[in-house]
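Notes for the structure review
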Amino acid sequence: MGRKVKKLDTGNPISDHCYGEAGSLKANITKSENPKKNEKMTVKIQVLSQSAQKIPPIVGYFPSGFDPLKESMEDDETENTSGPVSRVSLFKNTKRTNRFQLVVSGSQVNFVGTNFSGEATAAQSCSYSIGVLDKETQTLKIVPIAGNMIIRLDPKIDGEEEEEDNTAKREMTEEEKKAQKKAREMILPKKTVNLDKKIETLRQGVNAGGDHVIEGSKLLNQDALEEVPFTDDYDRNIPPYDLAATTPETAYPLHKIIFKGEWDYLTDIFDLSEAGERISPNAYPSFVCNRMHTLADIKSEEERRKLARIFSYITHLVKFKDKHSMDGFQSAKNHRFPKMLFRKFSSMFCVPESKRLPNEKVDLLISYVLVLTLYADNFRSNPSDIAKDLRTITGHLRPRLELLGCNFVRDEKRGHLATLSVPLTFPTVKRKRKRG
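Residues numbered from 1 in each chain as written. Predicted model: local features only at pLDDT ≥ 70, side-chain atom pairs only at ≥ 80, totals over all residues. Heavy atoms only, no water.

**Notes on the sheet that holds strand E16 (residues 406-411)**
How we decide: In this analysis, strands are considered paired if DSSP registers two or more bridges between them. A helix here means a DSSP run of H or I that spans at least four residues, while a strand means a run of E at least two residues long, and both kinds are numbered starting from the N terminus.
The strand order across the open sheet formed by 3 strands is E15-E17-E16, and the pairing between neighbours is antiparallel. Where the open sheet ends on each side, the last strands, each with one partner, are strand E15 (380-381) and E16. Both E16 and strand E17 (residues 415-420) contribute to a ladder of 6 bridges, which runs antiparallel. From the neighbouring strand, Asn407 faces E17, where its bridge partner is Thr419.

Right, here's the structure in full:
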């Protein structure tokens, strides 16, 4: 599992030096040592905040009914040969520091619980705290539980193989998925639930060939949308494409990249442009800043609106990449994502239990950005400024553009331009022949 970080002292789980004091008040508490007589005590209540230097309390419970207090609970250093010894240990994963394992070890059976499998993976609808009454100082200290970690401790016989990771990776049945979805809808705000349903309907509509899409809150028929055959070959890790396309616009259909219901959330750049305001280079990619002047040259409002929204979509993709990278995190710190787009990007590019994007997902995100830059530059694009936004060099983007079916031509004023020719032709993948 990992390295042992701390042995829990069950006799005194809360130290006076573990937390910083956030506030205090007085209250009357009634204690009843004798059922026939109640004794009142005036205590001072202290609500303590967490400290990064100490681990807050962690709660473990035994669904089997095991009572560790009936056993002799002692420290590791204490020797006890009169009977079985139960001790509590906390382990932390050396690679995934957010993973903990709580172990109550006894003479025959160990009780093990984790914060990354079983009940711990369910949605947390409440937060919890622990109150400890010190009778001598007449103080009631209330401290939060570490990350709301209330861990179920299940019995495990010595020598049994660890199966937590396999359990976590096990695919849920349809009944379990429905039950989880229903439980999630019960605890989440109605606005969030409706947004999830809207995203799912959008995704189903696109996967079905775009017959139905959502615009605003209405379900519309897409009879006017041209149906084009798409290949099922996604091994290239690029956006959906059409090998039979006769124009660059249909080679990578825009409605397969930006869903119909998402256009209404991409109005920021258009509104700023129409108001005559400049966009901040700190808030928008240099690719977008360098092309804002092209909006004023477009006479059709519909075309201006379309290009400005493509700029907005490029911005959100670039900021999403920055948000999940070490060198670009500060750039995306104050960026506001539409909830619909953030959840879509998370499902497309993120992986569970990792804050950073895997390399293949980064390549896919960059491919989406490059296709949209081709749209923005009328399919003749110089990738130098978008390379800066993606925190790479132009030479690294060239093979990615060639993988999208682009060729490079030299322009005297703009340098080497990536052009998309149709029908799409992809470079062949050379594989090494195995020697017998």
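**Thoughts on the packing of aromatic side chains**
Selection criterion: Each aromatic pair joins two rings of Phe, Tyr and Trp (for Trp, the six-membered one) with centres within 6.5 Å, and gets the label stacked for planes under 30 degrees apart, edge-to-face for over 60, and tilted for any other angle. The rule is simple: take the accessible area with a 1.4 Å probe, protein chains only, and divide by the maximum for that residue type; under 20% is buried, over 50% is exposed, in between is partly exposed. By definition here, charges over rings are those cases where NZ of Lys or CZ of Arg is within 6 Å of the ring centre and within 35 degrees of the ring normal.
For the structure on display, the rule yields 12 aromatic pairs. Ring plane angle 50° and centroid distance 6.3 Å describe the contact between Phe320 and Phe349, whose orientation is recorded as tilted. Of the two residues, Phe320 is situated in helix H8 (residues 301-323) and Phe349 in helix H9 (residues 339-349); the sequence distance between them amounts to 29 residues. Both residues of the pair, Phe320 and Phe349, belong to the buried class. A centroid spacing of 6.1 Å and a plane angle of 45° characterise the contact between Phe345 and Phe349, whose relative ring orientation is tilted. In this pair, Phe345 and Phe349 both sit in helix H9, 4 residues apart, roughly one turn of the helix. Like Phe345, the residue Phe349 is buried in the burial classification. A connected cluster of aromatic rings, assembled from ring pairs, spans Tyr313, Phe320, Phe337, Phe342, Phe345, Phe349 and Tyr368. The positively charged end of Arg291 is found above the aromatic ring belonging to Phe287, 3.7 Å away from the centroid. One residue, Lys344, lies across the ring of Phe259, its end atom 3.7 Å from the ring centre.

**Regarding the pattern of salt bridges**
A side chain with one charge can pair with a side chain of the opposite charge if their charged atoms come near. Here is the rule: Each salt bridge in this description consists of a side-chain nitrogen of Lys or Arg and a carboxyl oxygen of Asp or Glu lying within 4 Å of one another.
In total, this model carries 9 salt bridges according to the counting rule given. Among the ionic pairs, Asp154 bridges to Arg152, the shortest N-O distance being 2.8 Å. In this structure Arg152 comes out as partly exposed when scored by relative accessible area, which is 33%. Arg400 is paired through a salt bridge with Asp363; the nearest N and O atoms lie 3.7 Å apart. Pair noted here: Arg400 is in helix H12 (residues 394-403) and Asp363 is in helix H10 (residues 359-376), with a separation of 37 residues, a long-range link. One network of salt bridges, in which partners are shared, links Arg291, Asp377 and Asp385.

Keep in mind these values describe shape, not function.
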